[in-house]
Amino acid sequence: MARVKRRRRLRSMFDAVFHRPQVKAVNGYFSTFTAYQPSFTTWTGGIYEAELTRSIIESGANHASKLKPEIQGVAQSQATASLRYQPNPWMTTPQFIKRIYTMLQVNDTALIIPIFAEDNITQVGYYPVLPTSCTAYDVDGELWLGLDFPTGQTVYVEWSRCGVMTRHQYRDDLFGDGTNVLNPTLELLQAQNEGEQEAIKQGASIRFIGKLSQNRNEEDQEEARKRFNRQLAPENSGGIAVYDRLFDEVTQITPSSYTVDAEQMERIEKAAYRFFGMSEDVVLNRADEETYNAFYEGNIETFAVQLGFVLTTMTFSKTEIAHGNEIMFSANRLEFASNATKLNVATAMFDRGVFSGNQVADIFQSPHYDGGERHVIRGEYIDLDLISEHTAEAAAEAAETNAKIAISDQLGNTNEGADDASETE
């Protein structure tokens, strides 16, 4: 009886992603031009806890998640096949892209780790990891990354197999510079929120200063204070507080608190929008065609280009890349376009054979149809390489036609002259 080979059971996501044999010796930190110990630490500030900045990041991540992976070349693999729908067992492609975008915005650095099959050779997927810290090490003259996780586990991964995306990369040769520059804006946002909360608390209370009619000991003062405060309890539905000769005078204090005015608050919000390359109209889903196109070109498109290059280099060899194998990401930018713009683009591209019928259907969010994958072209268009041949042929035919017309006209004029001479005689 044949023995059934059981698949190795994985106890956690960590085992599934990092089940390859680990290096045994690290020769020291990897030296770069600008730092002896290049590393980055996951930012633990409140950038993703603040309501405004989270809304900005979430909006951009939602739009980025609509990017569609396009695999070019003949070197198809399990990894590229999984990238179309599910890069790893726990994420769909939109979730995968959204997480990478979010990590990049929060930490200025995003790490993508390849997932290998049980043979530790065949790459079958991708996973975006979020370690607490990442440090570059030298392993036998090669650059490796040491990843430290909150669970206390540490793994080492070859730099050549990792995908590293960065923003604001200036001082560090390998990683982004971090988002600490946004701290002043976050502090102002927090101060504004606290000021508004304190103003609400103070506005809900009544405060008085009472002047006692004569000197009292501490016990009498405390008793007088408690007696008067009992009149300020919610049970006093009449809303009237009275005092006797114990007090000479009772003065109410009008609570006041400082909050940022509208103009200053607008400046704070613009600083956050400017940092992330976002506009309020996009966050609130009220962007028109021009606004969305500007947002796409300045934000989403740059992210898509970098992601495509990163996944290409960590998936294909240099030889495969040289032969045209590539991963890129595209998006239907016409979703926000007006119907007039959609019609103009669809007509121009379809008539010239650039778009198929199904691609035109995608523009108008319509279902595909049988035969819609074909490309057609209008009859009056001509291949540029054949234009001279067709022009010469057409010119020759036109010249021949003109010659015949000229001869016919000459013959006609001769006959008319002869008829006129006969009539004269």
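These notes cover the structure that comes with them. Everything numeric in this text was worked out from a predicted model, so none of it was measured.

Cut-offs used in this document
- Residues numbered from 1 in each chain as written.
- Predicted model: local features only at pLDDT ≥ 70, side-chain atom pairs only at ≥ 80, totals over all residues.
- Heavy atoms only, no water.
- Helix = DSSP H or I, 4+ residues; strand = E, 2+ residues; numbered from the N terminus.
- Contact = heavy atoms within 4.5 Å.
- 1 Å grid on protein atoms, 1.4 Å probe; cavity = no way out; pocket = protein on both sides within 12 Å on 5 of 7 lines; lining within 4 Å.
- Points joined across faces, edges and corners; volume = space filled by probe spheres on them.
- Nonpolar A, V, L, I, M, F, W, Y, C, P; charged D, E, K, R; others polar.
- Buried < 20%, exposed > 50% of the residue type's maximum accessible area, 1.4 Å probe, protein only.
- Pairing = 2+ DSSP bridges.
- Axes fitted to C-alpha atoms, helices over the stretch in contact; angles between N-to-C directions.
- Core = buried A, V, L, I, M, F, W, Y, C linked by side-chain atoms within 4.5 Å.
- Salt bridge = Lys/Arg side-chain N within 4 Å of Asp/Glu carboxyl O.
- Parallel < 35°, antiparallel > 145°, perpendicular 65-115°, else oblique.
- Left-handed = near helix turned anticlockwise from the far one by under 90°.

Note that methionine 314 resides in helix H9 (residues 289-315). Once the C-alpha coordinates of methionine 314 and proline 114 are considered, the two residues, 200 residues apart in sequence, prove to be 7.8 Å apart. Apart from the residues lying within four places of it in its own chain, the contact partners of methionine 314 are Ile112, Ile113, Pro114, Gln123, Tyr126, Ser160, Arg161, Cys162 and Gly163.

Considering only enclosed or pocket space, the largest pocket measures out at about 670 Å³ in volume. Lining the largest pocket are 23 residues, with Lys68, Ser330, Ala331, Asn332 and Asp362 positioned closest to its centre. When residues of the lining of the largest pocket are traced back to their parent elements, those giving at least two are strand S3 (68-72), H9, strand S12 (326-330), helix H11 (339-351) and helix H12 (357-363). No other element matches H12, which puts 4 residues into the lining of the largest pocket. Classifying every residue of the lining of the largest pocket by side-chain character gives 12 nonpolar, 6 polar and 5 charged.

Phi at aspartate 108 takes a positive value of approximately 65°, unusual for a residue other than glycine. Its location among the elements puts aspartate 108 in the loop between helix H4 (93-107) and strand S4 (109-116). On the basis of relative accessible area, aspartate 108 is assigned to the buried category, the value being 0%. You will see that asparagine 285, though not glycine, has its phi angle at about 60°, which is positive. As for its placement among the helices and strands, asparagine 285 is situated in the loop between helix H8 (280-283) and H9.

Backbone-to-backbone hydrogen bonds pair the strands of a sheet. The strands run either parallel or antiparallel. If you walk across this open sheet you meet the 3 strands as S5-S4-S9, and the pairing is antiparallel. Sheet topology places strand S5 (123-129) and strand S9 (163-166) at the edges, where each strand pairs with a single neighbour. Across the sheet, the mean angle from the axis of one strand to that of its neighbour is 20°, orientation sign disregarded. By the bridge criterion, 4 bridges tie S4 to S9 in an arrangement that is antiparallel. Directly across from leucine 111, in S9, lies its bridge partner valine 164. Docked against the sheet, H4 engages S4, S5 and S9, running at close to 145° with respect to S4. Most of the contacts of H9 go to S9, to which it runs at about 160°, and overall it touches S4, S5 and S9.

Looking now at the nonpolar core. Within the largest apolar cluster, 68 residues are counted, with the highest numbers of intra-cluster contacts made by Ile112, Leu147 and Phe303. Per-element tally for this core: the top contributor is H9, with 10 residues. The residues contacting isoleucine 112, other than those within four sequence positions of it, are Phe96, Ile100, Tyr126, Tyr127, Pro128, Cys162, Gly163, Met165, Leu307, Val310, Leu311 and Met314.

Let us look at the pattern of salt bridges. In this structure the tally under the stated criterion is 6 salt bridges. Here arginine 167 and aspartate 108 are joined by a salt bridge, their closest N and O atoms 3.1 Å apart. Of this pair, arginine 167 sits in the loop between S9 and helix H5 (183-203) while aspartate 108 sits in the loop between H4 and S4; the two residues are 59 residues apart in sequence, bridging distant segments of the chain.

In terms of residue burial, strand S6 (residues 133-139) counts as a mostly covered element, since 6 of its 7 residues are buried. Sheet topology places S6 next to strand S7 (residues 142-148); 7 bridges connect them, and they run antiparallel. Bridged to aspartate 138 within S7 is leucine 143. Counting the residues between successive antiparallel strands, the hairpin from S6 to S7 contains 2 residues, one of them, aspartate 140, with a positive phi of roughly 55°.

We now examine the packing of helix H2 (residues 51-64) against helix H7 (residues 262-276). At a minimum axis distance of 10 Å, the contact between H2 and H7 shows a crossing angle of 30°. Comparing the axis directions of H2 and H7 gives the class roughly parallel. Handedness of the crossing formed by H2 with H7: right-handed. Of the residues in H7, those in contact with Leu52, Thr53, Ile56 and Ile57 of H2 are Glu269, Ala272, Tyr273 and Phe276. Across the contact of H2 with H7, the residue classes break down as 6 nonpolar, 1 polar and 1 charged.

On their own, these measurements won't tell you what the molecule is for.
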